[in-house]
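Given next are the chains, with one letter for each unit.
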Amino acid sequence: MNLHGVKAIYRFEMARTWRTLLQSIASPVISTSLYFVVFGSAIGSRMVEIDGISYGAFIIPGLVMLMLLNESISNASFGIYMPKFTGTIYEVLSAPISPLEIVLGYVGAAASKSIILGLLILATSRLFVDYQIAHPFAMVGFLALTAVTFSLFGFIIGVWADGFEKLQIIPMMIVTPLTFLGGTFYSVSMLPPFWETVTLFNPVVYLVSGFRWSFYGVADVHLGVSLGMTVLFMLVCAGLIGWIFKTGYRLRD
Amino acid sequence: MSNVIQIERLNKTYDSGFTALRDVNLSIRKGEIFALLGPNGAGKTTLISIVCGIVNASSGTVLADGHDIRRDYRAARSRIGLVPQELSTDAFETVQATVTFSRGLFGKPANPAYVERVLRDLSLWDKRKDKIMALSGGMKRRVMIAKALAHEPDILFLDEPTAGVDVELRRDMWNLVRGLRERGVTIILTTHYIEEAEEMADRVGVINHGEIVLVERTRELMDKLGRKELRLQLAEPLATLPEALSDLPLSLEAEGQELVYRFDARHDQGDVAGLLRRLDEQGIAFRDLRTRESSLEEIFVDLVHNGRKGD
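As the structure is a prediction and not an experimental result, all values here were calculated from the model. (Residues numbered from 1 in each chain as written. Chains lettered and ligands numbered in written order. Predicted model: local features only at pLDDT ≥ 70, side-chain atom pairs only at ≥ 80, totals over all residues. Heavy atoms only, no water.)

1. Brief notes about the overall build of chain A
A count of helical and extended segments in chain A gives 10 helices and zero strands. For a compact globule of 253 residues, the expected C-alpha radius of gyration is about 18 Å, and chain A comes in at 19 Å, within 12% of that figure. Its C-alpha atoms give chain A principal-axis dimensions of roughly 60 × 40 × 35 Å. Every one of the 253 residues in chain A was classed for burial, and the buried ones make up 52%. Within chain A, contacts between residues at least 6 apart in sequence are counted, and of these 80% link residues at least 24 apart. For chain A, the accessible surface area stands at approximately 11,100 Å², while carbon and sulfur atoms represent 72% of it. For chain A, the distance from the average site of its 13 positive side-chain charges to the average site of its 12 negative ones is 8 Å. (Helix = DSSP H or I, 4+ residues; strand = E, 2+ residues; numbered from the N terminus. Rg over C-alpha atoms; globule rule 2.2 N^0.38 Å. Buried < 20%, exposed > 50% of the residue type's maximum accessible area, 1.4 Å probe, protein only. Contact = heavy atoms within 4.5 Å. Areas by Shrake-Rupley, 256 points an atom, 1.4 Å probe, with all protein chains shown as cover. Lys, Arg positive; Asp, Glu negative; His and termini not counted. Charge placed at Lys NZ, Arg CZ, Asp CG, Glu CD.)

2. Describing the interface of chain A and chain B
Between chain A and chain B, the residue contacts involve 24 residues of the former and 28 residues of the latter. Here chain A packs against chain B, burying approximately 2,400 Å² in sum over the two surfaces, 58% of which is carbon and sulfur. The largest share of the area that chain A buries against chain B comes from Tyr 90, Glu 91 and Pro 96 of chain A, three residues that together contribute 27% of it. Between Glu 101 of chain A and Arg 74 of chain B there is a salt bridge, with its nearest N and O atoms 2.8 Å apart. For the pair chain A and chain B, the interface holds 12 residue pairs in polar contact (both at pLDDT 80 or more). Listed by contribution, the elements that provide at least two residues to the side of chain A that touches chain B are helix H1 (3-19), helix H4 (89-93) and helix H5 (99-125) of chain A. Here the residues of the side of chain A that touches chain B are counted per class, giving 11 nonpolar, eight polar and five charged. (Buried area = accessible area lost by both parts, 1.4 Å probe. Salt bridge = Lys/Arg side-chain N within 4 Å of Asp/Glu carboxyl O. Polar contact = N/O pair within 3.5 Å; in protein donor to acceptor, adjacent residues only side chain to side chain. Nonpolar A, V, L, I, M, F, W, Y, C, P; charged D, E, K, R; others polar.)

3. Some words on the packing of H5 of chain A against helix H6 (residues 136-160) of chain A
Residue and element names in this part refer to chain A. Look at H5 against H6: their axes get within 8 Å of each other, and the N-to-C directions meet at 135 degrees. In this view, H5 runs oblique relative to H6, as classed from their interaxial angle. In this structure, the crossing between H5 and H6 has a hand that is right-handed. Contact with H5, carried on its side by Ile 102, Val 103, Tyr 106, Val 107, Ala 110, Ala 111, Ser 114, Ile 115, Leu 119 and Leu 122, involves Met 139, Leu 143, Ala 144, Ala 147, Val 148, Ser 151, Leu 152 and Phe 155 of H6 and no other residues of that element. A breakdown of the residues in the contact of H5 with H6 according to their chemical character gives 16 nonpolar, two polar and no charged. (Axes fitted to C-alpha atoms, helices over the stretch in contact; angles between N-to-C directions. Parallel < 35°, antiparallel > 145°, perpendicular 65-115°, else oblique. Left-handed = near helix turned anticlockwise from the far one by under 90°.)

4. Notes on the pairing of strand E11 (residues 227-234) of chain B
Residue and element names in this part refer to chain B. Both E11 and strand E13 (residues 258-264) contribute to a ladder of seven bridges, which runs antiparallel. Within E13, the position partnered with Leu 232 by the bridge is Leu 259. Here E11 runs beside strand E14 (residues 286-293); their pairing, made up of seven bridges, is antiparallel. Looking at E14, one finds that Lys 228 is bridged to Glu 293. (Pairing = 2+ DSSP bridges.)

The analysis is restricted to geometry; functional conclusions fall outside its scope.
Structure representation (C-alpha coordinates):
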(Lines give C-alpha, C1' and ligand atoms only; values in the text may rest on other atoms or scores of the structure.)
Protein backbone atom coordinates (compact mmCIF):
# COMPACT_ATOMS: atom_id res chain seq x y z
CA MET A 1 0.00 0.00 0.00
CA ASN A 2 1.24 3.49 -0.88
CA LEU A 3 0.76 5.09 2.53
CA HIS A 4 3.12 7.95 1.69
CA GLY A 5 0.87 8.75 -1.27
CA VAL A 6 -2.29 8.73 0.87
CA LYS A 7 -0.58 10.97 3.43
CA ALA A 8 0.63 13.35 0.71
CA ILE A 9 -2.89 13.86 -0.66
CA TYR A 10 -4.41 14.09 2.82
CA ARG A 11 -1.87 16.67 4.01
CA PHE A 12 -2.18 18.66 0.79
CA GLU A 13 -5.96 18.88 1.21
CA MET A 14 -5.77 19.72 4.90
CA ALA A 15 -3.14 22.38 4.19
CA ARG A 16 -5.67 24.08 1.91
CA THR A 17 -8.07 24.28 4.86
CA TRP A 18 -5.51 25.86 7.18
CA ARG A 19 -4.51 28.26 4.41
CA THR A 20 -8.11 29.43 4.03
CA LEU A 21 -9.27 29.37 7.66
CA LEU A 22 -11.81 32.17 7.25
CA GLN A 23 -13.52 30.52 4.32
CA SER A 24 -13.16 26.89 5.41
CA ILE A 25 -13.85 27.11 9.14
CA ALA A 26 -15.01 30.55 10.29
CA SER A 27 -17.61 31.08 7.57
CA PRO A 28 -19.67 27.87 8.12
CA VAL A 29 -19.39 28.21 11.91
CA ILE A 30 -20.66 31.81 11.80
CA SER A 31 -23.48 31.12 9.33
CA THR A 32 -24.72 28.09 11.32
CA SER A 33 -24.46 30.08 14.55
CA LEU A 34 -26.83 32.65 13.04
CA TYR A 35 -29.48 29.91 12.80
CA PHE A 36 -29.00 29.23 16.50
CA VAL A 37 -29.30 32.93 17.33
CA VAL A 38 -32.44 33.43 15.22
CA PHE A 39 -34.28 30.09 15.56
CA GLY A 40 -32.78 28.98 18.86
CA SER A 41 -32.59 32.05 21.09
CA ALA A 42 -34.85 34.65 19.45
CA ILE A 43 -37.80 32.79 17.85
CA GLY A 44 -37.21 29.45 19.56
CA SER A 45 -38.05 30.78 23.01
CA ARG A 46 -41.61 31.58 21.79
CA MET A 47 -42.21 28.16 20.16
CA VAL A 48 -43.67 25.08 21.75
CA GLU A 49 -41.53 22.10 22.67
CA ILE A 50 -41.32 19.17 20.22
CA ASP A 51 -41.22 15.69 21.75
CA GLY A 52 -40.49 17.38 25.08
CA ILE A 53 -37.42 19.15 23.69
CA SER A 54 -37.10 22.95 23.49
CA TYR A 55 -37.24 24.16 19.88
CA GLY A 56 -33.74 25.66 20.07
CA ALA A 57 -32.28 22.32 21.16
CA PHE A 58 -34.47 20.33 18.73
CA ILE A 59 -33.03 21.97 15.63
CA ILE A 60 -29.35 21.51 16.64
CA PRO A 61 -28.88 18.00 15.16
CA GLY A 62 -30.63 19.04 11.95
CA LEU A 63 -28.55 22.18 11.56
CA VAL A 64 -25.31 20.33 12.22
CA MET A 65 -26.41 17.76 9.64
CA LEU A 66 -27.24 20.55 7.14
CA MET A 67 -23.74 21.97 7.51
CA LEU A 68 -22.14 18.51 7.51
CA LEU A 69 -23.78 17.47 4.22
CA ASN A 70 -22.95 20.73 2.46
CA GLU A 71 -19.37 20.89 3.71
CA SER A 72 -18.64 17.21 3.02
CA ILE A 73 -19.92 17.52 -0.52
CA SER A 74 -18.26 20.85 -1.16
CA ASN A 75 -14.86 19.86 0.32
CA ALA A 76 -14.64 16.55 -1.50
CA SER A 77 -15.98 17.82 -4.83
CA PHE A 78 -13.65 20.84 -4.78
CA GLY A 79 -10.71 18.65 -3.75
CA ILE A 80 -10.88 16.44 -6.84
CA TYR A 81 -12.32 19.05 -9.22
CA MET A 82 -9.51 21.58 -8.76
CA PRO A 83 -6.71 19.26 -9.97
CA LYS A 84 -8.89 18.47 -12.98
CA PHE A 85 -9.46 22.18 -13.57
CA THR A 86 -5.81 23.22 -13.19
CA GLY A 87 -4.44 20.14 -14.94
CA THR A 88 -2.43 18.92 -11.94
CA ILE A 89 -4.50 15.71 -11.95
CA TYR A 90 -1.86 14.31 -14.33
CA GLU A 91 0.40 13.79 -11.33
CA VAL A 92 -2.14 11.76 -9.35
CA LEU A 93 -3.03 9.67 -12.40
CA SER A 94 0.62 8.93 -13.19
CA ALA A 95 1.56 8.07 -9.59
CA PRO A 96 1.86 4.50 -8.28
CA ILE A 97 -1.27 4.89 -6.21
CA SER A 98 -4.44 2.78 -6.34
CA PRO A 99 -7.98 4.17 -6.69
CA LEU A 100 -8.69 3.18 -3.08
CA GLU A 101 -5.65 5.13 -1.90
CA ILE A 102 -6.66 8.18 -3.95
CA VAL A 103 -10.14 8.08 -2.42
CA LEU A 104 -8.71 7.59 1.08
CA GLY A 105 -6.61 10.73 0.65
CA TYR A 106 -9.27 13.02 -0.82
CA VAL A 107 -12.35 11.69 0.98
CA GLY A 108 -10.45 11.21 4.24
CA ALA A 109 -9.41 14.86 4.23
CA ALA A 110 -12.87 16.12 3.25
CA ALA A 111 -14.55 14.02 5.96
CA SER A 112 -11.97 15.12 8.56
CA LYS A 113 -12.68 18.77 7.80
CA SER A 114 -16.42 18.21 8.06
CA ILE A 115 -16.12 16.37 11.38
CA ILE A 116 -13.91 19.12 12.83
CA LEU A 117 -16.47 21.69 11.65
CA GLY A 118 -19.38 19.69 13.06
CA LEU A 119 -17.73 19.50 16.47
CA LEU A 120 -16.86 23.21 16.35
CA ILE A 121 -20.45 24.09 15.52
CA LEU A 122 -21.74 21.91 18.33
CA ALA A 123 -19.39 23.67 20.74
CA THR A 124 -20.41 27.10 19.42
CA SER A 125 -24.14 26.32 19.63
CA ARG A 126 -23.70 25.64 23.34
CA LEU A 127 -23.17 29.38 23.74
CA PHE A 128 -26.73 30.03 22.56
CA VAL A 129 -28.75 26.92 23.36
CA ASP A 130 -28.72 24.42 26.22
CA TYR A 131 -28.71 20.80 24.97
CA GLN A 132 -27.73 17.30 26.06
CA ILE A 133 -26.06 14.44 24.20
CA ALA A 134 -27.65 11.21 25.39
CA HIS A 135 -25.44 8.89 23.32
CA PRO A 136 -22.12 10.68 22.68
CA PHE A 137 -20.39 7.72 20.99
CA ALA A 138 -23.34 7.18 18.68
CA MET A 139 -23.36 10.91 17.95
CA VAL A 140 -19.69 10.86 16.91
CA GLY A 141 -20.32 7.65 14.95
CA PHE A 142 -23.23 9.22 13.03
CA LEU A 143 -21.21 12.36 12.45
CA ALA A 144 -18.29 10.36 11.00
CA LEU A 145 -20.49 8.02 8.94
CA THR A 146 -22.41 10.89 7.40
CA ALA A 147 -19.25 12.90 6.74
CA VAL A 148 -17.61 9.95 4.96
CA THR A 149 -20.75 9.06 3.00
CA PHE A 150 -21.34 12.57 1.72
CA SER A 151 -17.66 13.14 1.04
CA LEU A 152 -17.84 10.07 -1.22
CA PHE A 153 -20.88 11.66 -2.86
CA GLY A 154 -18.96 14.93 -3.21
CA PHE A 155 -16.04 13.09 -4.81
CA ILE A 156 -18.45 11.74 -7.46
CA ILE A 157 -19.79 15.26 -8.10
CA GLY A 158 -16.24 16.61 -8.40
CA VAL A 159 -15.36 13.98 -11.02
CA TRP A 160 -18.64 14.49 -12.88
CA ALA A 161 -18.50 18.31 -12.91
CA ASP A 162 -16.92 19.94 -15.93
CA GLY A 163 -17.52 23.48 -14.71
CA PHE A 164 -18.00 25.44 -11.49
CA GLU A 165 -21.75 25.66 -12.05
CA LYS A 166 -22.13 21.88 -11.99
CA LEU A 167 -19.99 21.78 -8.87
CA GLN A 168 -22.55 23.94 -7.08
CA ILE A 169 -25.77 22.75 -8.65
CA ILE A 170 -26.33 19.50 -6.71
CA PRO A 171 -25.57 20.94 -3.24
CA MET A 172 -27.71 24.02 -3.95
CA MET A 173 -30.58 22.55 -5.92
CA ILE A 174 -30.91 19.12 -4.32
CA VAL A 175 -29.07 18.68 -1.02
CA THR A 176 -30.08 21.96 0.68
CA PRO A 177 -33.81 21.61 -0.19
CA LEU A 178 -33.79 17.97 0.90
CA THR A 179 -32.18 18.96 4.20
CA PHE A 180 -34.69 21.75 4.85
CA LEU A 181 -37.54 19.35 4.02
CA GLY A 182 -35.94 16.44 5.88
CA GLY A 183 -37.01 17.32 9.41
CA THR A 184 -34.26 19.78 10.29
CA PHE A 185 -36.70 22.38 11.64
CA TYR A 186 -39.65 20.14 12.49
CA SER A 187 -40.56 16.60 13.40
CA VAL A 188 -41.79 14.52 10.47
CA SER A 189 -44.69 13.37 12.67
CA MET A 190 -46.00 16.97 12.66
CA LEU A 191 -46.84 16.66 8.92
CA PRO A 192 -50.20 15.46 7.54
CA PRO A 193 -50.13 11.66 6.90
CA PHE A 194 -49.76 12.03 3.11
CA TRP A 195 -46.75 14.37 3.35
CA GLU A 196 -45.27 12.26 6.12
CA THR A 197 -45.23 9.30 3.72
CA VAL A 198 -43.78 11.43 0.92
CA THR A 199 -41.08 12.71 3.26
CA LEU A 200 -39.91 9.17 3.93
CA PHE A 201 -38.55 9.11 0.36
CA ASN A 202 -36.15 11.87 1.37
CA PRO A 203 -32.90 10.19 2.45
CA VAL A 204 -31.93 13.14 4.65
CA VAL A 205 -34.84 12.31 6.98
CA TYR A 206 -32.98 9.16 8.05
CA LEU A 207 -29.74 11.05 8.69
CA VAL A 208 -31.38 13.80 10.75
CA SER A 209 -33.54 11.33 12.64
CA GLY A 210 -30.66 9.04 13.56
CA PHE A 211 -28.47 11.96 14.55
CA ARG A 212 -31.25 13.50 16.67
CA TRP A 213 -31.72 10.17 18.43
CA SER A 214 -28.06 10.28 19.54
CA PHE A 215 -28.83 13.62 21.25
CA TYR A 216 -32.25 13.14 22.78
CA GLY A 217 -33.12 9.46 22.40
CA VAL A 218 -36.14 10.27 20.18
CA ALA A 219 -36.37 9.70 16.44
CA ASP A 220 -38.85 10.04 13.55
CA VAL A 221 -37.83 6.66 12.14
CA HIS A 222 -36.31 3.58 13.75
CA LEU A 223 -32.58 3.90 14.51
CA GLY A 224 -31.76 0.71 12.60
CA VAL A 225 -33.50 2.08 9.50
CA SER A 226 -31.55 5.35 9.78
CA LEU A 227 -28.27 3.50 10.07
CA GLY A 228 -29.18 1.05 7.29
CA MET A 229 -30.14 3.83 4.85
CA THR A 230 -26.94 5.77 5.55
CA VAL A 231 -24.77 2.69 5.05
CA LEU A 232 -26.72 1.81 1.89
CA PHE A 233 -26.10 5.29 0.44
CA MET A 234 -22.42 4.98 1.34
CA LEU A 235 -22.19 1.64 -0.47
CA VAL A 236 -23.92 3.08 -3.54
CA CYS A 237 -21.42 5.98 -3.60
CA ALA A 238 -18.48 3.60 -3.12
CA GLY A 239 -19.80 1.44 -5.96
CA LEU A 240 -20.09 4.45 -8.26
CA ILE A 241 -16.54 5.52 -7.45
CA GLY A 242 -15.35 2.02 -8.22
CA TRP A 243 -17.06 2.28 -11.60
CA ILE A 244 -15.47 5.70 -12.23
CA PHE A 245 -11.97 4.32 -11.74
CA LYS A 246 -12.70 1.15 -13.68
CA THR A 247 -13.94 3.02 -16.74
CA GLY A 248 -11.81 6.13 -16.28
CA TYR A 249 -14.99 8.24 -16.52
CA ARG A 250 -13.95 11.91 -16.79
CA LEU A 251 -10.59 11.09 -15.22
CA ARG A 252 -8.64 9.00 -17.69
CA ASP A 253 -9.37 9.05 -21.46
CA MET B 1 22.04 -2.10 -24.42
CA SER B 2 18.78 -3.36 -22.85
CA ASN B 3 15.40 -1.77 -23.50
CA VAL B 4 13.89 0.21 -20.64
CA ILE B 5 10.62 0.93 -22.49
CA GLN B 6 9.08 -1.66 -24.77
CA ILE B 7 5.96 -0.68 -26.69
CA GLU B 8 4.21 -3.27 -28.84
CA ARG B 9 1.25 -2.88 -31.19
CA LEU B 10 -0.09 0.10 -29.27
CA ASN B 11 -3.36 1.56 -30.51
CA LYS B 12 -5.47 4.38 -29.18
CA THR B 13 -8.85 5.51 -30.46
CA TYR B 14 -10.59 8.15 -28.34
CA ASP B 15 -14.33 8.06 -27.61
CA SER B 16 -14.75 10.78 -30.23
CA GLY B 17 -13.61 8.24 -32.82
CA PHE B 18 -10.25 9.95 -33.41
CA THR B 19 -7.45 7.43 -33.79
CA ALA B 20 -4.34 8.88 -32.19
CA LEU B 21 -2.04 5.85 -32.40
CA ARG B 22 -1.89 3.01 -34.89
CA ASP B 23 0.07 -0.15 -34.17
CA VAL B 24 2.97 1.67 -32.58
CA ASN B 25 6.06 -0.42 -31.86
CA LEU B 26 8.93 1.32 -30.14
CA SER B 27 11.86 0.39 -27.93
CA ILE B 28 13.76 2.87 -25.80
CA ARG B 29 17.20 1.84 -24.67
CA LYS B 30 18.38 2.18 -21.11
CA GLY B 31 20.33 5.37 -20.50
CA GLU B 32 19.73 7.01 -23.88
CA ILE B 33 18.23 10.36 -24.80
CA PHE B 34 15.45 9.69 -27.26
CA ALA B 35 13.73 12.49 -29.12
CA LEU B 36 10.23 11.93 -30.42
CA LEU B 37 9.48 14.32 -33.24
CA GLY B 38 6.23 14.93 -34.98
CA PRO B 39 3.89 17.70 -36.06
CA ASN B 40 1.00 18.85 -33.85
CA GLY B 41 -1.59 16.11 -33.43
CA ALA B 42 0.80 13.38 -34.54
CA GLY B 43 0.27 11.35 -31.36
CA LYS B 44 3.35 12.28 -29.29
CA THR B 45 1.50 13.36 -26.16
CA THR B 46 -0.97 10.46 -26.39
CA LEU B 47 1.94 8.02 -26.57
CA ILE B 48 3.63 9.57 -23.53
CA SER B 49 0.34 9.78 -21.64
CA ILE B 50 -0.33 6.08 -22.15
CA VAL B 51 3.12 5.06 -20.92
CA CYS B 52 2.70 7.30 -17.85
CA GLY B 53 -0.79 6.00 -17.03
CA ILE B 54 -2.78 9.14 -17.79
CA VAL B 55 -4.56 7.73 -20.84
CA ASN B 56 -5.78 4.15 -21.32
CA ALA B 57 -4.62 2.36 -24.45
CA SER B 58 -7.22 0.75 -26.72
CA SER B 59 -4.91 -2.21 -27.27
CA GLY B 60 -1.27 -3.19 -27.14
CA THR B 61 1.29 -3.56 -24.38
CA VAL B 62 3.81 -1.29 -22.75
CA LEU B 63 6.58 -2.46 -20.44
CA ALA B 64 8.49 0.03 -18.30
CA ASP B 65 11.72 -1.49 -16.97
CA GLY B 66 10.12 -4.90 -17.55
CA HIS B 67 6.87 -4.07 -15.73
CA ASP B 68 3.53 -4.03 -17.53
CA ILE B 69 2.06 -0.55 -17.09
CA ARG B 70 -1.44 -1.92 -16.38
CA ARG B 71 -0.94 -5.18 -14.51
CA ASP B 72 2.10 -4.02 -12.54
CA TYR B 73 1.36 -0.31 -12.53
CA ARG B 74 2.91 0.46 -9.16
CA ALA B 75 6.35 -0.84 -10.13
CA ALA B 76 6.12 0.69 -13.61
CA ARG B 77 4.98 4.16 -12.54
CA SER B 78 7.41 4.43 -9.62
CA ARG B 79 10.24 4.35 -12.19
CA ILE B 80 8.78 7.06 -14.41
CA GLY B 81 8.82 10.84 -14.05
CA LEU B 82 6.79 13.11 -16.31
CA VAL B 83 7.13 16.77 -17.16
CA PRO B 84 3.97 17.56 -19.11
CA GLN B 85 3.69 20.13 -21.81
CA GLU B 86 1.24 22.39 -19.95
CA LEU B 87 2.42 24.42 -16.96
CA SER B 88 0.01 22.76 -14.54
CA THR B 89 0.89 23.76 -11.00
CA ASP B 90 -0.78 24.38 -7.66
CA ALA B 91 -0.59 28.15 -7.71
CA PHE B 92 -1.00 28.65 -3.96
CA GLU B 93 1.57 26.06 -2.87
CA THR B 94 5.20 26.87 -2.15
CA VAL B 95 7.92 25.39 -4.31
CA GLN B 96 9.29 23.18 -1.54
CA ALA B 97 5.85 21.95 -0.48
CA THR B 98 4.83 20.95 -3.99
CA VAL B 99 8.06 19.05 -4.63
CA THR B 100 7.74 17.29 -1.25
CA PHE B 101 4.13 16.43 -2.15
CA SER B 102 5.24 14.83 -5.43
CA ARG B 103 7.81 12.69 -3.64
CA GLY B 104 5.21 11.41 -1.17
CA LEU B 105 2.63 10.83 -3.88
CA PHE B 106 5.04 8.46 -5.61
CA GLY B 107 5.45 6.46 -2.42
CA LYS B 108 8.82 7.74 -1.29
CA PRO B 109 9.50 8.68 2.35
CA ALA B 110 10.38 12.31 3.03
CA ASN B 111 13.99 13.16 2.22
CA PRO B 112 14.63 16.89 2.72
CA ALA B 113 18.29 16.52 1.70
CA TYR B 114 17.35 15.03 -1.69
CA VAL B 115 14.65 17.63 -2.29
CA GLU B 116 17.21 20.34 -1.46
CA ARG B 117 19.63 18.87 -4.00
CA VAL B 118 16.99 18.82 -6.72
CA LEU B 119 15.99 22.40 -5.96
CA ARG B 120 19.61 23.54 -5.96
CA ASP B 121 20.31 21.72 -9.25
CA LEU B 122 17.43 23.62 -10.80
CA SER B 123 18.36 26.98 -9.23
CA LEU B 124 15.14 26.90 -7.21
CA TRP B 125 16.56 26.76 -3.70
CA ASP B 126 16.32 30.51 -3.18
CA LYS B 127 12.68 30.36 -4.28
CA ARG B 128 11.72 27.37 -2.14
CA LYS B 129 9.40 29.37 0.10
CA ASP B 130 7.80 31.34 -2.73
CA LYS B 131 4.30 30.53 -3.88
CA ILE B 132 4.29 29.08 -7.37
CA MET B 133 1.97 31.78 -8.67
CA ALA B 134 4.68 34.35 -7.91
CA LEU B 135 7.19 32.63 -10.23
CA SER B 136 7.97 33.42 -13.86
CA GLY B 137 7.04 30.97 -16.61
CA GLY B 138 10.61 29.69 -16.80
CA MET B 139 10.77 29.12 -13.07
CA LYS B 140 7.45 27.28 -13.15
CA ARG B 141 8.91 25.02 -15.83
CA ARG B 142 11.81 24.27 -13.49
CA VAL B 143 9.32 23.47 -10.70
CA MET B 144 7.61 20.97 -13.02
CA ILE B 145 10.97 19.29 -13.62
CA ALA B 146 11.75 19.27 -9.89
CA LYS B 147 8.39 17.60 -9.21
CA ALA B 148 9.10 14.96 -11.85
CA LEU B 149 12.53 14.25 -10.32
CA ALA B 150 11.31 14.25 -6.71
CA HIS B 151 10.87 10.47 -6.55
CA GLU B 152 14.22 9.66 -8.20
CA PRO B 153 12.86 8.16 -11.44
CA ASP B 154 14.95 6.04 -13.81
CA ILE B 155 12.95 7.16 -16.82
CA LEU B 156 12.06 10.80 -17.47
CA PHE B 157 9.52 11.99 -20.04
CA LEU B 158 9.84 15.61 -21.09
CA ASP B 159 6.93 16.72 -23.22
CA GLU B 160 8.02 19.88 -25.05
CA PRO B 161 10.32 20.90 -22.16
CA THR B 162 11.62 24.07 -23.76
CA ALA B 163 8.43 25.36 -25.36
CA GLY B 164 8.24 29.08 -24.68
CA VAL B 165 11.38 29.35 -22.57
CA ASP B 166 14.23 31.75 -23.20
CA VAL B 167 17.59 30.78 -24.68
CA GLU B 168 19.38 30.78 -21.32
CA LEU B 169 16.87 28.45 -19.70
CA ARG B 170 16.90 26.22 -22.76
CA ARG B 171 20.68 25.86 -22.44
CA ASP B 172 20.27 25.14 -18.70
CA MET B 173 17.70 22.45 -19.50
CA TRP B 174 19.99 20.83 -22.01
CA ASN B 175 22.77 20.74 -19.42
CA LEU B 176 20.37 19.31 -16.87
CA VAL B 177 19.24 16.59 -19.27
CA ARG B 178 22.82 15.66 -20.05
CA GLY B 179 23.59 15.56 -16.32
CA LEU B 180 20.65 13.23 -15.72
CA ARG B 181 21.76 10.96 -18.52
CA GLU B 182 25.22 10.75 -16.94
CA ARG B 183 23.51 9.58 -13.75
CA GLY B 184 21.86 6.78 -15.74
CA VAL B 185 18.42 8.29 -16.27
CA THR B 186 16.77 7.45 -19.59
CA ILE B 187 15.25 10.54 -21.17
CA ILE B 188 12.47 10.65 -23.72
CA LEU B 189 11.65 14.11 -24.98
CA THR B 190 9.26 15.49 -27.50
CA THR B 191 10.12 18.76 -29.08
CA HIS B 192 9.28 21.15 -31.85
CA TYR B 193 12.81 22.53 -31.76
CA ILE B 194 14.57 20.24 -34.15
CA GLU B 195 17.97 21.63 -33.22
CA GLU B 196 17.24 20.43 -29.69
CA ALA B 197 16.97 16.85 -30.91
CA GLU B 198 19.97 17.34 -33.17
CA GLU B 199 22.00 18.72 -30.27
CA MET B 200 21.01 16.25 -27.57
CA ALA B 201 19.36 13.05 -28.74
CA ASP B 202 21.16 9.77 -29.24
CA ARG B 203 18.26 8.53 -31.32
CA VAL B 204 15.33 10.15 -33.01
CA GLY B 205 11.87 8.75 -33.66
CA VAL B 206 9.47 10.44 -36.04
CA ILE B 207 5.75 9.99 -35.55
CA ASN B 208 3.10 11.18 -37.97
CA HIS B 209 -0.66 10.47 -38.07
CA GLY B 210 -0.22 8.11 -35.11
CA GLU B 211 2.39 5.95 -36.82
CA ILE B 212 6.09 5.69 -36.16
CA VAL B 213 7.61 6.69 -39.48
CA LEU B 214 11.21 6.12 -38.56
CA VAL B 215 13.57 5.44 -35.66
CA GLU B 216 17.26 6.05 -36.22
CA ARG B 217 20.42 7.20 -34.50
CA THR B 218 20.53 10.97 -34.94
CA ARG B 219 23.90 11.00 -36.71
CA GLU B 220 23.03 8.07 -38.95
CA LEU B 221 19.71 9.64 -39.83
CA MET B 222 21.47 12.77 -40.97
CA ASP B 223 24.03 10.74 -42.89
CA LYS B 224 21.37 8.58 -44.52
CA LEU B 225 18.68 11.10 -45.28
CA GLY B 226 20.60 14.34 -45.29
CA ARG B 227 21.46 16.22 -48.44
CA LYS B 228 24.62 18.12 -49.20
CA GLU B 229 24.98 21.21 -51.24
CA LEU B 230 27.98 22.80 -53.00
CA ARG B 231 27.45 26.41 -54.00
CA LEU B 232 29.92 28.00 -56.44
CA GLN B 233 30.01 31.74 -56.97
CA LEU B 234 30.83 32.15 -60.64
CA ALA B 235 33.37 34.63 -61.95
CA GLU B 236 31.02 35.36 -64.90
CA PRO B 237 27.24 34.79 -64.76
CA LEU B 238 25.78 32.08 -66.99
CA ALA B 239 22.53 32.40 -68.89
CA THR B 240 22.05 28.63 -69.19
CA LEU B 241 23.82 25.48 -68.13
CA PRO B 242 26.20 24.07 -70.74
CA GLU B 243 24.83 20.93 -72.46
CA ALA B 244 27.97 19.02 -71.45
CA LEU B 245 27.00 19.31 -67.78
CA SER B 246 23.35 18.28 -68.16
CA ASP B 247 23.99 14.81 -66.62
CA LEU B 248 24.82 16.42 -63.25
CA PRO B 249 22.30 17.64 -60.60
CA LEU B 250 23.18 21.28 -61.16
CA SER B 251 21.08 24.41 -61.09
CA LEU B 252 21.69 28.06 -61.68
CA GLU B 253 20.60 30.53 -59.02
CA ALA B 254 21.06 34.22 -58.14
CA GLU B 255 20.45 35.28 -61.75
CA GLY B 256 23.06 32.92 -63.07
CA GLN B 257 25.77 34.02 -60.65
CA GLU B 258 25.67 30.86 -58.54
CA LEU B 259 25.98 27.28 -59.63
CA VAL B 260 24.47 24.88 -57.10
CA TYR B 261 25.31 21.18 -56.92
CA ARG B 262 22.94 19.19 -54.64
CA PHE B 263 23.43 15.52 -53.89
CA ASP B 264 22.06 12.83 -51.62
CA ALA B 265 24.56 12.16 -48.85
CA ARG B 266 23.74 8.45 -48.80
CA HIS B 267 23.29 7.33 -52.43
CA ASP B 268 25.59 9.75 -54.11
CA GLN B 269 28.97 10.45 -52.62
CA GLY B 270 29.11 13.59 -54.76
CA ASP B 271 32.13 13.67 -57.01
CA VAL B 272 33.08 17.25 -56.20
CA ALA B 273 36.57 16.88 -57.63
CA GLY B 274 35.11 15.53 -60.87
CA LEU B 275 32.66 18.42 -61.06
CA LEU B 276 35.40 20.98 -60.61
CA ARG B 277 37.51 19.30 -63.30
CA ARG B 278 34.60 19.34 -65.76
CA LEU B 279 33.85 23.00 -65.01
CA ASP B 280 37.48 23.76 -65.78
CA GLU B 281 37.18 21.84 -69.08
CA GLN B 282 34.16 24.00 -69.94
CA GLY B 283 36.07 27.16 -69.05
CA ILE B 284 33.74 28.05 -66.22
CA ALA B 285 35.65 29.84 -63.47
CA PHE B 286 34.45 30.55 -59.97
CA ARG B 287 35.47 33.09 -57.32
CA ASP B 288 34.34 31.29 -54.18
CA LEU B 289 32.65 28.11 -52.98
CA ARG B 290 30.87 26.90 -49.88
CA THR B 291 29.23 23.62 -48.80
CA ARG B 292 26.44 22.88 -46.38
CA GLU B 293 24.64 19.84 -45.02
CA SER B 294 20.87 19.74 -44.57
CA SER B 295 19.67 20.06 -40.98
CA LEU B 296 17.55 17.58 -39.07
CA GLU B 297 14.72 20.04 -39.51
CA GLU B 298 14.86 19.71 -43.28
CA ILE B 299 15.01 15.93 -42.96
CA PHE B 300 12.02 16.03 -40.62
CA VAL B 301 9.96 18.20 -42.95
CA ASP B 302 10.89 15.91 -45.81
CA LEU B 303 9.78 12.84 -43.84
CA VAL B 304 6.55 14.27 -42.53
CA HIS B 305 5.33 16.28 -45.46
CA ASN B 306 6.78 14.45 -48.41
CA GLY B 307 6.42 10.97 -46.94
CA ARG B 308 10.07 10.17 -47.55
CA LYS B 309 11.23 7.19 -45.49
CA GLY B 310 14.58 5.70 -44.62
CA ASP B 311 15.24 2.24 -45.99
